[in-house]
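So you can see what is in the structure, the chains are spelled out below.
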Amino acid sequence: MWTIKRFPALWLLPALLPVALMTIYPVAHAFWTSLHSVMLLFPGEPFVGLDNYERVVRSNYFQDALRNSLVFTFLAAPLVVVFGTLIALFLQRRFFGSQVVRSIVLLPWVLPGAISAVLWIWVFHPSFGVLNGLLRDLHLIDGSIPWLTSPRLALVSVVVAHVWTQIPFAVVLIMAALSAINSETLEAAAIDCRSALKRFRYIVFPEIRSMIVVLIVYNALTAFTSYDLVYAMTGGGPGTATTLLSFQIWRESFSMYDFGSGSAVAFIVVAISAVLIVGITRALPSDLFAEQ
Amino acid sequence: MKMRTLFAAGMLTSGILAAQPGAAEDLTLEFVVWNYSLETIQDNVKQFEAANPGIKVKVTDYTWPDYQDSLVLRFRGDTPTDVIYGGQDWLPAWGAAGFIAPLDAVAPAATVDELKKDIAGFALTDVTYKDKVYGLPYYADTISFIYNKKILADAGIAVPATWDEVTAAAQKLKAGGMEHPIVYEYNQELPNFYDAFVAQAYGRGAELFDKDLNPLFADPNNEAFKQLQWIADAYSKDLVQSETHESKIIPAMNTGAHAFTIVYTYVLAALNNKADQPRAGEFALAPMPGSTHATLGFAKSYVVTAKAAADPARGEAAWKFVNFMAGKPYTVAKRWAVEKGLGFGQLPLFADKDVIDAWGKWADVKALGDQAAIAKAGTYTEYSSVWSAYFRPLLAKAMVGEASVEQTMKDGAERWNQLKEQFANR
């Protein structure tokens, strides 16, 4: 008898095929490219094995870019989650103008990375920047602090800007998780325990733990592959102070015309991202990833 | 009856469409530019379209830092592209990769040779690859050492003629309360970040490469090596404020908080623009400090793509467009010079009264002419833009003391030699 339950794989094919074509083909092609010498200036695309990977790993920039990417990720991801959770807890309360505040908090989410970068450049600008102006008005500094052109400060500055752009998404997800907590549980906790900190630790946190793990994984990947905001703010500089691995993919491919090496960096990024996901989910176990 | 009416209406519509061959045969050129003064570009295009019925031009623009990468993407992705802005540093690479075509391929015979006679030497070098002219100058300019006359006069400081004198002047100004006397366009993603360094080295009389294209700059006695040391020293003495683009240098210099900068010469026109700059008139160019006072001259150009050249109709239209924008009587080049202060590669314009009058408002025209006369072209090869992308971050690190000058120059020379060998063996 004819039934849709027969041959399920066959029915899924029309949906799976385009997805497979649009993901497997580009990834396979990128992998093929990473194993060949594909340089715009040179004819032919000979097989070079792992030479591209070796050249990239031994290059001047790789160590800097890897260190910067890891520092950027380990600073940005926890900060986004911590601030996102705090703001979500605050916004969950009803107060006069709470709807307006909720809308304002979401604003950075709707801004494209390039626009956010322009905003933050003007915040950090040494001569006309809001931040230096404020610090001068408060008589905390006399001169100007080169936020974006000092190698030491530039990375911190782009982390601040990145965290600002990512917080709204964290707020939305944490608020969704908070709203799913049984209100009777919260009321009972409020009666039993006067300490808000303890109520968060023993009642609220276990309920939103899965969401927090998801957010940490998501933000670690977002930070590790971040490109547009950092590129627009500093162009990876000064020197290689804010050069991230994702930026190096672009530089190898389109500035140095070496698509083989660019693809090799891309696969290194994928490998490190996979390690990050496994590391985070093992360090912060949650029932979200449990096998029933 | 109804069918007959419909058929008659259809025939009538077809007849009307057939009677308007102009609209049906319009050829649209894809013109790709960086977004400097887009409204002027669009207006020039409009004038071309009015003068050349049947040819339309669609302008696509990118920001200057993204331009080269975006063009490579277009070429690699087969995005329709007919006429582009070319840069002297990318031209050999794009020529070698087969992305662009020599103008001989699209221009009527002998036309390009005739136009060549009017092009300044360094500009002609910059648009030529393997003895073939690939572009006509959109603009040609030099990189200049610019100073604030009033600040120097008030402080009793003579215009510095050497880099040591620049240091001494900056230190005196700093001692007088000026936090950062020098503003530097510090952006490793801009090709002109390297060009500005070369211009300064040329001022000292540096040769960065020998005639066989062997790098010379890793030698501590080379003037380019010494200039990088000078920049690193100026940064370490906290004499320099970095800005990421010339558009930020213009307001910064107009705050009166800085006395010196090194930028494209046309920036002087913007600095001295009385309409929107509070300190307009205070800025002047001085010969590039150093023993020879030479500087870097360069040309950006209108270039036809190989794809356009391969199609006769499209190639012909592309040539008409390039010739309108940069050919005789040099109307568009003159417009850029008069309205925007852009330099030009077409020598007859130096004698044009309108140009002389316009430039006299923001610069000492004689000083400009003297500088152009001793300007030198850069060294550009098929692999120089690839090398420049590698070397610029190294330069940036050395400038701010994150790497040693010696290691930077050594790494730069090694990479140059690698690419040279790789290209020779391709």
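Since we're looking at a predicted model, the values are computed, not measured. (Residues numbered from 1 in each chain as written. Chains lettered and ligands numbered in written order. Predicted model: local features only at pLDDT ≥ 70, side-chain atom pairs only at ≥ 80, totals over all residues.)

In this section: the overall build of chain A. On a plain count of helices and strands, chain A comes out with 12 helices and 0 strands. Ordered by position from N to C terminus, the α and β elements of chain A give α-α-α-α-α-α-α-α-α-α-α-α. Principal-axis analysis of the C-alpha atoms places the extent of chain A at approximately 85 × 75 × 30 Å. Looking at chain A as a whole, 36% of its 292 residues are labelled buried. The long-range share in chain A, meaning contacts at least 24 apart out of those at least 6 apart in sequence, stands at 70%. (Helix = DSSP H or I, 4+ residues; strand = E, 2+ residues; numbered from the N terminus. Buried ≥ 20, exposed ≤ 12 C-beta atoms within 10 Å, placed from the backbone. Contact = placed C-beta atoms within 7 Å.)

Now for the overall build of chain B. Along the backbone of chain B there are 20 helices and 11 strands. Against the globule reference of 22 Å for 426 residues, chain B gives a C-alpha radius of gyration of 24 Å, in line with a compact fold. When its C-alpha atoms are laid out on the principal axes, chain B stretches across 95 × 55 × 40 Å. (Rg over C-alpha atoms; globule rule 2.2 N^0.38 Å.)

Each side of the interface is counted separately: chain B has 31 residues, and chain A has 22 residues. Contributing elements (two or more residues each) for the side of chain B that touches chain A: α4 (64–76), α5 (91–96), β8 (240–243), α19 (384–399) and α20 (405–424) of chain B. For the side of chain B that touches chain A, the element with the most residues is α19 of chain B, which contributes 6 residues. Split into classes, the residues belonging to the side of chain B that touches chain A amount to 18 nonpolar, 5 polar and 8 charged. (Nonpolar A, V, L, I, M, F, W, Y, C, P; charged D, E, K, R; others polar.)

Further remarks concern the environment of Leu245 of chain A. Mapped onto the elements, Leu245 of chain A comes out in helix α11 (residues 245–255). Discounting chain neighbours no more than four positions away, the residues touching Leu245 of chain A are Ala65, Leu66, Ser69, Val265, Ile268 and Val269 of chain A.

Turning to the domain arrangement of chain B, a few remarks are in order. Residue and element names in this part refer to chain B. Domain annotation of chain B identifies domain 1 (28–141 + 298–374) and domain 2 (143–296 + 379–424). Placing a centre on the C-alpha atoms of domain 1 and another on those of domain 2 gives a separation of 26 Å. Each side of the interface is counted separately: domain 1 has 23 residues, and domain 2 has 26 residues. Listing elements by their share of the side of domain 1 that touches domain 2, those giving two or more residues are α4, α5 and α18 (365–374). The residue makeup of the side of domain 1 that touches domain 2, split by class, is 14 nonpolar, 5 polar and 4 charged. (Domains from an automatic or database assignment.)

It is worth spelling out the pairing of strand β3 (residues 83–87) of chain B at this point. Residues and elements named next belong to chain B. With 5 of its 5 residues buried, β3 lies for the most part within the structure. Judged by which residues are buried, β3 turns out to be covered on both faces: Val83, Tyr85 and Gly87 on one side and Ile84 and Gly86 on the other are all buried. In the sheet, strand β1 (residues 27–34) pairs with β3 via 2 bridges, with the strands oriented parallel. Each residue of the ladder has a partner; that of Phe31, found in β3, is Val83. Where β3 meets strand β11 (residues 297–304), 5 bridges bridge the pair, whose relative direction is antiparallel. In the sheet register, Gly87 faces β11, and the bridge partner there is Lys300. (Pairing = 2+ DSSP bridges.)

It is worth spelling out the nonpolar core at this point. Residue and element names in this part refer to chain B. Judged by nonpolar contacts, the single largest core of 155 residues is most densely connected at Val83, Leu268, Val304, Ala318, Phe321 and Val322. When residues in this core are grouped by element, the largest group, 10 residues, is from α19. Shared between two domains, this core takes at least three residues from each, and those domains are domain 1 (28–141 + 298–374) and domain 2 (143–296 + 379–424). Setting aside residues no more than four positions away along its own chain, Val83 makes contact with Leu29, Phe31, Tyr302, Val304, Ala308, Ala318, Phe321 and Val322. (Core = buried A, V, L, I, M, F, W, Y, C linked by C-beta atoms within 7 Å.)

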